[in-house]
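One letter stands for each residue in the lines below.
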Amino acid sequence: MPARIHLLAAAAAVVFTLVPVPAVAQSAGAYRAATDRLIDAAMRDSAAWKRIAELTDTFGHRLSGSLALEHAIDWTLARMREDGLENVRGERVMVRHWERGTESAELVTPRRKPLAMLGLGGSVGTPAGGITAPVVVVTSFDDLARLGTAAKGKIVLFDVPFTEYEATRVYRTGAASAAAKQGAVAALIRSVASFSINSPHTGSMRYDSTVAARIPVAALAVEDAMLLHRMQDRGQPVTVKLVMGARNLPNVPSRNVVAELRGREKPDEVVVIGGHIDSWDVGQGAMDDAGGVVAAWEAVRLMKALGLRPRRTVRVVGWTNEENGADGAKTYRATHASDIDKHAFAIESDNGVFHPYGITAVGSDSTLAMLRRIAPLLTRVGADSVSRGESETDVEPLLAAGVPVAGLNVDRTRYFWYHHTNADTPDKLDPRDVARCVAVFAVYAYVVAEMPEVLPRAR
């Protein structure tokens, strides 16, 4: 799932003039020899990309509650131990368990045609024989409200073009309850996608607790949503048959993946880097988010291999259940409640390991100023930008506890082409870009873990 990042335009030069920066942070060049070694090692080969491909090719998708996820976690922990990482473990998490089941959508009138669809995560299923009903196409929640009782007994299709993820995904999360409130029997949405080749996109939905009826909801490929809209505009009656075997099952145990390089002087102080190990049940979850987990893992492995053991502990975390509940992130904070004040910094990658520009950070002005003093160490790989943004999902509970956090800021031009689709496979990632992301993780984690002072708390 993508980060909720919105750049707020805080220029580095302005911050430097307004915010006093500790002397050691001003001398980030003192770490250049070590960080150049990390960058050289990251860029030397395609090791990280190959590991992403091996993980995702071997286990495929890793939906919470699935055996594939648990086998992938077992494999990851075993390989981390082989790499010589320390305190390798799976930390227990109870996670949501939703199964897609058999599903289909078919245009019945004005002609018969299979529709490219994916049920949305968390949706209820249809009756065994499916639902066949007239379709009414709307372009917004307000448009639906204006229909009044005209939506009763119908399937409501929200044909909303992609603009920006946060603005568009509200239809994915809210379509079912909005349509149910108007008496609809099912809901469909135009996939949340910036580009489509007849490729439907799944993702989480939510039921409004104030709306009694829970109706099934699915995403159509952009092309099919537009087709149905054109038919309605011509005055052609549109009927669709929707079949969904989706079901919500009791929560089941899973694990957060955890491994460390223990600090040489202050092992109880921790810098966390990672991504989420789970994925949706389509494609292989390479971009979203095996790449983030493996890039963080590789950064720690390289520190270990190069003999670069910083003052503080660097901990790689593969959070579970980010896609449909964020239970891994919430449980991580609960598990580490007693030492949360010892978490010095947390960086997550959840926007695909594409070409990195740098990081987006959340924290005080002093924190951002200190991070901007580190950034020039990454100029050689074109990743020396530090912008103010919003938190990634898995580090958000840490931010709430005062931990300064950041996310990798990458070129997301193609991210929403493949996001939550069958096309999320390792070939979409460039090995050189993956290596650059490893370098960003490694440099920030190493320097923040090594410098004498700590970043100011986020509150």
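Residues numbered from 1 in each chain as written. Predicted model: local features only at pLDDT ≥ 70, side-chain atom pairs only at ≥ 80, totals over all residues. Heavy atoms only, no water.

Caption draft 1: Geometry of the environment of S385. Within the fold, S385 resides in strand 15 (residues 385-388). Since its relative accessible area comes to 25%, S385 is described here as partly exposed. For S385 and Y444, which are 59 residues apart along the polypeptide, the C-alpha to C-alpha distance reads 12 Å. Look past the residues within four positions of S385 in its chain and what remains in contact with it is Y357, G358, I359 and N409. (Helix = DSSP H or I, 4+ residues; strand = E, 2+ residues; numbered from the N terminus. Buried < 20%, exposed > 50% of the residue type's maximum accessible area, 1.4 Å probe, protein only. Contact = heavy atoms within 4.5 Å.)

Caption draft 2: Representation of the side chain of H201 within the structure. Looking at the secondary structure, you find H201 in the loop between strand 7 (186-190) and strand 8 (217-220). Classification of H201 as buried rests on a relative accessible area of 2%. Among the polar contacts made by the side chain of H201, one reaches the main-chain carbonyl oxygen of H419 at a distance of 2.6 Å. (Polar contact = N/O pair within 3.5 Å; in protein donor to acceptor, adjacent residues only side chain to side chain.)

Caption draft 3: Seen up close, the sheet that holds strand 3 (residues 113-115). Read across the sheet, eight strands follow the order 3-2-9-5-6-7-8-4 without closing on themselves; strand pairing throughout is mixed. The strands lining the two open edges of the sheet, one partner per strand, are strand 3 and strand 4 (117-119). Neighbour-to-neighbour, the strand axes of the sheet open up by a mean angle of 35°, direction not taken into account. Strand direction decides the pairing type here: strand 2 (residues 103-109) and strand 9 (residues 239-244), joined by six bridges, are antiparallel. Bridged to A105 within strand 9 is L242. (Pairing = 2+ DSSP bridges. Axes fitted to C-alpha atoms, helices over the stretch in contact; angles between N-to-C directions.)

Caption draft 4: Examining the packing of helix 3 (residues 32-43) against helix 14 (residues 431-450) more closely. Interhelical geometry of helix 3 versus helix 14 gives an angle of 155° and a closest axis separation of 8 Å. It follows that helix 3 is roughly antiparallel to helix 14 by the angle criterion. Taken as a pair, helix 3 and helix 14 cross one another with a handedness that is right-handed. Note on element contacts: helix 14 touches helix 3 through R432, A435, R436, V438, A439, A442, V443, Y446 and V447, opposite A34, T35, L38, I39, A42 and M43. When the residues that make up the contact of helix 3 with helix 14 are grouped by side-chain class, the tally is twelve nonpolar, one polar and two charged. (Parallel < 35°, antiparallel > 145°, perpendicular 65-115°, else oblique. Left-handed = near helix turned anticlockwise from the far one by under 90°. Nonpolar A, V, L, I, M, F, W, Y, C, P; charged D, E, K, R; others polar.)

Caption draft 5: Local environment of the nonpolar core. Core analysis: the biggest nonpolar cluster contains 107 residues, and V156, F158, I273, L371, L378 and Y444 have the highest contact counts within it. A per-element tally of this core places helix 14 first, with 15 residues. With residues up to four places along the chain from it excluded, the contact list for F158 reads V138, S140, F141, L144, Y171, A175, A178, L188, I189 and R190. Grouped together as the second largest cluster of nonpolar side chains are 28 residues, W98, L157, L228 and L242 included. (Core = buried A, V, L, I, M, F, W, Y, C linked by side-chain atoms within 4.5 Å.)

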